[in-house]
Amino acid sequence: QVQLVESGGGLVQPGGSLRLSCAASGSIFSIDDMGWYRQAPGKQRELVASITSIGRTNYADSVKGRFTISRDNAKNTVYLQMNSLKPEDTAVYYCHAFIFTSWASTKASYWGQGTQVTVSS
């Protein structure tokens, strides 16, 4: 069984910063791509940023230059540093990962429970 546990959300003023963390645990053989998605009320879930196992990154246009995704493979953890936050960044942020649970398995998709980020004065 695999779990993704997020932390670091909260309330922040416009222009402020937050750092989200997501740790994967359980029966993990290896982790492929990891990423962060977000879902605002009344909107579809959207990709914010992703990172491959060798550190190649991809960002939504709306967060380029403000957010940075990184990962620590030794800790099975992915991070999202969010700077210059705007009210439109308000959403529930979800961690995602493709994980192999054994050398013989195919990769499976896993999601965290979500963490609320609210940007408001």
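Located above this text is the structure these notes cover.
Everything in this summary refers to the structure shown in the same document. (Residues numbered from 1 in each chain as written. Predicted model: local features only at pLDDT ≥ 70, side-chain atom pairs only at ≥ 80, totals over all residues. Heavy atoms only, no water.)

**Quick word on the sheet that holds strand β3 (residues 18–26)**
Here four strands make up an open sheet; going across it, the order is β1-β3-β8-β7 and the pairing antiparallel. Only two strands of the sheet have a single partner each, and these edge strands are β1 (2–7) and β7 (67–72). Neighbouring strand axes in the sheet, compared pairwise and without regard to direction, differ in orientation by 15° on average. Pairing geometry for β7 and strand β8 (residues 77–82), over six bridges, is antiparallel. By the bridge assignment, F67 is partnered in β8 with M82. (Pairing = 2+ DSSP bridges. Helix = DSSP H or I, 4+ residues; strand = E, 2+ residues; numbered from the N terminus. Axes fitted to C-alpha atoms, helices over the stretch in contact; angles between N-to-C directions.)

**Focus on the pairing of strand β9 (residues 91–100)**
With seven of ten residues buried, β9 lies mostly within the body of the structure. Here strand β4 (residues 30–39) runs beside β9; their pairing, made up of eight bridges, is antiparallel. Across the sheet, the residue bridging to G35 is H96, located in β9. Pairing geometry for β9 and strand β11 (residues 115–119), over three bridges, is antiparallel. Paired with V92 across the two strands is Q116, which belongs to β11. (Buried < 20%, exposed > 50% of the residue type's maximum accessible area, 1.4 Å probe, protein only.)

**Let's talk about the environment of F100**
Checked against the element boundaries, F100 lands in strand β9. Spatially, the C-alpha atoms of F100 and Y110 are 10 Å apart, while their sequence positions differ by ten residues. Non-local contacts of F100, meaning those with residues more than four positions away in its chain, are made with S27, I28, F29, S30, D32, S105, T106 and K107. (Contact = heavy atoms within 4.5 Å.)

**Observations concerning the environment of E46**
Along the chain, E46 turns up in strand β5 (residues 46–51). Excluding anything up to four places from it in sequence, E46 contacts W36, Y37 and R38.

**A word on the nonpolar core**
With 29 residues, the main nonpolar core has W36, L80, M82 and Y93 as its most contacted residues. Looking at this core, the elements that each hand over two or more residues are β1, β3, β4, β5, β7, β8, β9 and β11. With five residues, β9 is the largest single contributor of residues to this core. Excluding its chain neighbours within four sequence positions, the residues that come into contact with L80 are L18, R19, L20, W36, V48, A49, F67, T68, I69 and Y93. (Core = buried A, V, L, I, M, F, W, Y, C linked by side-chain atoms within 4.5 Å.)

**Some remarks on the state of the cysteines**
Counted by the stated rule, this structure contains one disulfide. Bridging C22 to C95, the disulfide has an S-S length of 2.1 Å. Because the sign of the S-S torsion sets the handedness, a value of about -80° for the bond joining C22 and C95 places this disulfide among the left-handed ones. Highlighted residues: C22 in strand β3 and C95 in strand β9, separated in sequence by 73 residues. C95 matches C22 in its accessibility class, with the two residues each being buried. (Disulfide = S-S within 2.5 Å.)

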